[in-house]
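Residues per chain are reported as follows:
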Amino acid sequence: MTNKINTLGGYIHEYQKSVSNPEAFWASVAENFHWRKKWDKVLDWNFEEPTIEWFVNGKLNITENIFERQLFTHGDKAAIIWEPNNPDEASITLTYRELFEKVCQFSNGLLKQGVKKGDRVVIYMPMVPEAAIAMLACARIGAIHSVVFAGFSSNALADRINDAQATTVLTADGGYRGTKVLEIKKIVDEALENTPSIERSVVLKRTGSEVTMKPNRDIWWSDVIAGETLENKAEEMDSEDMLFILYTSGSTGKPKGVVHTTGGYMVYTAYSFKNVFQYNAGDVYWCTADIGWITGHSYIVYGPLLAGATSVMFEGVPTFPDAGRFWEIVDKHQVNQFYTAPTAIRALQAKGLEYVEKHDLSSLKVLGSVGEPINEEAWHWYHDHIGKDRCPIVDTWWQTETGGILISPLPGITPTKPTYATLPLPGIQPILVDNEGNELKGNSVEGNLCVKFPWPSMLRTTYGDHERCRQTYFSTYKGLYFTGDGCKRDEDGYYRILGRVDDVINVSGHRLGTAEIENAINEHPLVNESAVVGYPHEIKGQGIYAYIVCEADAANHDEEQIKRSIISTINKIIGPIAKPDKILVVPGLPKTRSGKIMRRILRKIAENNASNLGDISTLLNPEVVASIMDKAGVAV
Ligand code: PRX
């Protein structure tokens, strides 16, 4: 694939081209792919409704672009190198040809089971090669996949299945994560008690744990592929046919199904992958994300494979068997580009350098960061001790909704600055606005980050509720896509992401809505009401702080016991990723006279910062603030 930028001058030139004539720019990138039928028009859009269509009436299949388009040149190259949780288990390499055969075989099996184009298929699997095979087989036959991170609870899984009206679940008996064995099938069984749309579930054997297979519903993966050929003709898809749905949290209680479509997502993920990681033929690239998140979709599976890259997929966690596991894998597979989240960097930094120094990291060329702001200390540690001062760091800013990286340095090309995502990629037109929506022009400004022109991999809708998509992203500032992030543009025109400006918190790079956690907490019979806020956390970036007001009969219960049972309620409704770091039982929540919870005050208390609480005398219940502070141990 061409369209690779090599110099700063080249970047500036490409950027200007992409802004002055976006249609011509993206058409020239799209020319590199195989289209069964070329598009009639590059772009149709308005941000009011919104309607966004790229490569209108183009016909293609994304997996044909991963496999058939590249088999002559890449057939014997490694597509996926899979590294298991336990280093004593052998890793697996699948060449492009081998992966293709497995995808075809599983596609045939799914078709035989009755899965059709347009069906929604939920994937709830551990990080094994079959998870990628499952996604690609869905794409091959035109089924819409919706991957749910295997750390979500059965309730959360059932909600997503029901929202998507999925017919099929692809899953496994269990999974390994560090010292834990995840009971994946059991969670699926619980979820499927309340999911009438489900017709079948396909179960991969991974751990060999004992599972219950329900007749006429559950079928082993090995039985699905038995007797199937290794050839399959890909379904023809329209550019704007849905490729996948991925659920993500917003400021309301209910996660939304972000929809990505085929043509534009393909073009943008491949283009951004090649440029942001400066991937060269023969390089080994590793992104440590889970495929349950957008990073895993775009930069473990689709982007790298479309670019003919070798993508490492890791089943385990950074600290098992010890905190050197990442660096051992870098050494073992001679990884050239390494992409992880600040939370992992901070966690490993805290373990000390001895785990780093044991391993040879000389293969590394580019380091990436994603998911949350990277603090200066972590940036320097990553740069000095992992990159040994010679690997550029790409601090990549993007979102589930953007499909691909929008703001990032190009390594070795864009001069970097710690904590800055730096400059937009070609085709991306960021704009900062104040709270009234006025554009903040020039440099040295700070405001709400929006994008004023479409790019190929942007979300098209939220599944089953287009109005919600319009409301959430396109109505706050007229004519603009609103990201929900605050951002600064400094004196050099560099962008620095400041974090969310809505009620979304980012815990270890995972996005959680405070309302979603509150809804879960409020399900507890002893809870009267609650308020959740984020606060700075040394390792996780943000921690979850939950203020709880109990019902009167809670007085008969031990407070620690109540807290433990609140945690288990959250585990049941959302999953362990939403576990609060602090729970404080308080006599009441500070409210305005109209009954709105004053989160600003609760955030300050969570930050252990009692200065500047503002005028609290206008509150409905000003006296409650002192008692919360007292309980939180915050000095006045
Ligand atoms: O607040 C931004 C933060 O993560 C949010 C998107 O979360 P999610 O959709 O889960 O996708 C994460 C992986 C792309 C953004 O709104 N975020 C993401 N990358 C960065 C970031 N914040 C600062 N710097 C980044 N590089």
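Procedures and definitions
Residues numbered from 1 in each chain as written. Predicted model: local features only at pLDDT ≥ 70, side-chain atom pairs only at ≥ 80, totals over all residues. Heavy atoms only, no water. Helix = DSSP H or I, 4+ residues; strand = E, 2+ residues; numbered from the N terminus. Rg over C-alpha atoms; globule rule 2.2 N^0.38 Å. Buried < 20%, exposed > 50% of the residue type's maximum accessible area, 1.4 Å probe, protein only. Contact = heavy atoms within 4.5 Å. Areas by Shrake-Rupley, 256 points an atom, 1.4 Å probe, with all protein chains shown as cover. Lys, Arg positive; Asp, Glu negative; His and termini not counted. Charge placed at Lys NZ, Arg CZ, Asp CG, Glu CD. Axes fitted to C-alpha atoms, helices over the stretch in contact; angles between N-to-C directions. Parallel < 35°, antiparallel > 145°, perpendicular 65-115°, else oblique. Left-handed = near helix turned anticlockwise from the far one by under 90°. Nonpolar A, V, L, I, M, F, W, Y, C, P; charged D, E, K, R; others polar. UniProt positions renumbered as here; feature names shortened; annotations may be inferred. Near = heavy atom within 4 Å. Polar contact = N/O pair within 3.5 Å; in protein donor to acceptor, adjacent residues only side chain to side chain. Pairing = 2+ DSSP bridges. pLDDT = per-residue confidence, 0-100.

**A short note on the overall build of the protein chain**
Moving on, step 1. Scanning the protein chain from terminus to terminus reveals 20 helices and 30 strands.
Moving on, step 2. Taking 636 residues into account, the globule formula puts the C-alpha radius of gyration at 26 Å, and the protein chain, at 24 Å, falls close to it.
Moving on, step 3. Dimensions of the protein chain, computed from the C-alpha atoms along their principal axes, are close to 75 × 65 × 55 Å.
Moving on, step 4. With 636 residues in all, the protein chain has 61% of them scored as buried.
Moving on, step 5. Long-range pairs, those at least 24 residues apart, make up 71% of the contacts in the protein chain with a sequence separation of at least 6.
Moving on, step 6. When the accessible surface of the protein chain is totalled, it reaches about 23600 Å², and 48% of it is carbon and sulfur.
Moving on, step 7. Counting 64 positive and 79 negative side-chain charges, the protein chain places the averaged centre of each group 2 Å from the other.

**Here we look at helix H13 (residues 342-351)**
Along an α-helix, a turn takes 3.6 residues, which lines up residues three or four apart on a common side.
Moving on, step 1. Here H13 has its buried residues at Pro342, Thr343, Ala344, Ile345, Arg346 and Leu348.
Moving on, step 2. Buried residues along H13 sit in contact with helix H12 (325-333), strand S18 (337-340), strand S19 (366-370), helix H15 (376-386) and strand S29 (541-550).
Moving on, step 3. Looking one or two residues past H13, Gly352 carries a phi angle of roughly 100°, positive in sign.

**Some remarks on the packing of helix H6 (residues 129-141) against helix H11 (residues 294-306)**
Moving on, step 1. Contact pair H6 / H11: the axes reach a minimum separation of 11 Å and the direction vectors enclose 60°. On the basis of the axis angle, H6 is oblique to H11. Viewed along their axes, H6 and H11 form a crossing whose handedness is right-handed. Contact residues: Ala132, Met135, Leu136 and Ala139 in H6; His297, Val301, Tyr302 and Leu305 in H11.
Moving on, step 2. The residue makeup of the contact of H6 with H11, split by class, is seven nonpolar, one polar and no charged.

**Focus on the UniProt feature "domain: AMP-binding enzyme C-terminal" (unreviewed entry) in the protein chain**
Moving on, step 1. Within this structure's numbering, the places UniProt gives as "domain: AMP-binding enzyme C-terminal" (unreviewed entry) are residues 516-596.
Moving on, step 2. Counting secondary structure, residues 516-596 comes out at 27% helix and 31% strand; the distance between its end C-alpha atoms is 17 Å.

**Details of the site of the ligand**
Moving on, step 1. Contacts to the ligand come from 17 residues, most closely from Asp395, Thr396, Thr400, Asp485 and Arg511.
Moving on, step 2. Here an oxygen atom of the ligand sits 2.6 Å away from a polar atom, N or O, in the side chain of Asp485.
Moving on, step 3. Within the complex, 96% of the 540 Å² of free accessible area of the ligand lies under protein.
Moving on, step 4. Those elements that place two or more of their residues in the shell around the ligand are H11, strand S20 (393-396) and strand S25 (495-500).
Moving on, step 5. Partitioning the shell around the ligand into residue classes produces six nonpolar, six polar and five charged.

**Quick notes on unusual backbone geometry**
Moving on, step 1. The peptide bond linking Glu49 to Pro50 adopts the cis configuration, its omega dihedral lying at -10°.
Moving on, step 2. With respect to the helices and strands, the residue Pro50 is situated in the loop between strand S1 (41-46) and strand S2 (51-56).
Moving on, step 3. Note the cis peptide between Phe320 and Pro321, where omega equals -5°.
Moving on, step 4. One non-glycine residue with positive phi stands out, namely Gln165, at about 50°.
Moving on, step 5. Note on placement: Gln165 falls in the loop between helix H7 (154-164) and strand S8 (168-172).
Moving on, step 6. A relative accessible area of 42% means that Gln165 is categorised as partly exposed.
Moving on, step 7. The phi dihedral of Asp389 is positive, around 70°, even though this residue is not glycine.
Moving on, step 8. Within the secondary structure layout, Asp389 lies in the loop between H15 and S20.

**A few points about the environment of Arg177**
Moving on, step 1. Within the fold, Arg177 resides in strand S9 (residues 175-177).
Moving on, step 2. Expressed as a C-alpha distance, the spacing of Arg177 and Gly316, which sit 139 residues apart in the sequence, is 5.0 Å.
Moving on, step 3. Sequence-distant contacts of Arg177, that is, excluding residues within four places in its chain, are made with Asn85, Leu182, Glu315, Gly316 and Val317.

**Let's talk about the sheet that holds strand S4 (residues 78-83)**
Moving on, step 1. Reading across the sheet, the seven strands line up as S5-S4-S17-S16-S18-S19-S20 and stay open at both edges, with mixed pairing between neighbours. Both outer strands of the open sheet, strand S5 (92-95) and S20, are each paired with one neighbouring strand and no more. On average, adjacent strands in this sheet sit at an angle of 20° to one another, irrespective of strand direction.
Moving on, step 2. Its contacts with the sheet place H11 against S4, strand S16 (284-287), strand S17 (310-314), S18 and S19, and it is angled at close to 165° to S16.

**Quick word on the confidence of the model for the protein chain**
Moving on, step 1. Averaged over all residues, the pLDDT of the protein chain is 97; the fraction at 70 or higher stands at 100%.
Moving on, step 2. The ipTM for the predicted assembly is 1.00, set against a pTM of 0.97.

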